[in-house]
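One-letter residues, chain by chain:
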Amino acid sequence: MTVILGVTDDLAACHELRRAVFIEEQAIAEADEWDDLDAGAIHILARQDGVPVGTARLLIEGETGRIGRICVLASHRGTGLGRRLVEAGIDLLRDRGLRRAALGAQVHALDFYRRLGFVSEGPIYDDAGIPHREMSRAL
């Protein structure tokens, strides 16, 4: 069973994954999850046998690409899919000539992002009731 990643226009599938992980599993309020940035974002979708299993979105802010809304269904965690989603985001940002990738990491995932070359910046802050910290890396 191969997982295929790619840029997608299937926002409904991305939203379904984010609802399952962020709203239902992590109890993030809908008002905190949904924003007006999805329409202008680049969305990456991972599918296994045609079924959506993970997603991430990319926002371009000058020479920086922001990788966010990274989520993987519980059934696919520990498989390397989260790493593949972030790496796909990094590759897309690099291909667009951007110089830096940034993200807001949940504190429990800081080591995950450090292993992908991200460095912590600034203080821990609250985002939707979950401690986060800014991280970035050169592209």
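Above: the structure in question.
Okay, so let's go over this structure.

Thresholds applied
Residues numbered from 1 in each chain as written. Predicted model: local features only at pLDDT ≥ 70, side-chain atom pairs only at ≥ 80, totals over all residues. Heavy atoms only, no water. Helix = DSSP H or I, 4+ residues; strand = E, 2+ residues; numbered from the N terminus. Rg over C-alpha atoms; globule rule 2.2 N^0.38 Å. Buried < 20%, exposed > 50% of the residue type's maximum accessible area, 1.4 Å probe, protein only. Expected span 1.5 Å × (residues − 1). Salt bridge = Lys/Arg side-chain N within 4 Å of Asp/Glu carboxyl O.

1. Observations regarding the overall build of the protein chain
- Regarding its fold elements, the protein chain presents four helices and seven strands.
- In the protein chain, the succession of α and β elements from N to C terminus is β-α-α-β-β-β-α-β-α-β-β.
- Against the globule reference of 14 Å for 139 residues, the protein chain gives a C-alpha radius of gyration of 14 Å, in line with a compact fold.
- Its C-alpha atoms give the protein chain principal-axis dimensions of about 35 × 35 × 30 Å.
- In the protein chain, which comprises 139 residues, the proportion classed as buried is 42%.

2. Concerning helix 3 (residues 81-95)
- Over its 15 residues, helix 3 extends 21 Å from the first C-alpha to the last, a length consistent with the 21 Å expected when each residue adds 1.5 Å.
- Residues of helix 3 that are buried include every one of Leu81, Gly82, Leu85, Val86, Ala88, Gly89, Ile90 and Leu93, and no others.
- One or two positions beyond helix 3, positive phi appears at Gly97, with a value near 80°.

3. Notes on the environment of Ile44
- Tracing the sequence through the fold places Ile44 in strand 2 (residues 42-48).
- On the basis of relative accessible area, Ile44 is assigned to the buried category, the value being 2%.
- Sequence separation of Ile44 and Val7 is 37 residues, and the distance between their C-alpha atoms is 4.5 Å.

4. With respect to the pattern of salt bridges
- By the definition in use, this model includes 15 salt bridges.
- As a salt-bridge pair, Glu33 and Arg18 come within 2.6 Å of each other at their nearest N and O atoms. Here the residue Glu33 occupies a position in helix 2 (residues 30-33), and Arg18 occupies one in helix 1 (residues 11-25), the gap between them amounting to 15 residues.
- Since its relative accessible area comes to 3%, Glu33 is described here as buried.
- Between Glu87 and Arg83 there is a salt bridge, with the nearest N and O atoms lying 2.9 Å from each other. Placement of the pair is Glu87 and Arg83 together in helix 3, with a separation of four residues, close to one helical turn.
- By relative accessible area, Glu87 is classed as partly exposed at 31%.
- Accessibility expressed as a relative area gives 36% for Arg83, which makes it partly exposed.
- Taken together, the shared-partner salt bridges in this structure form one network comprising Arg18, Glu33, Asp35, Asp38, Arg57 and Arg69.

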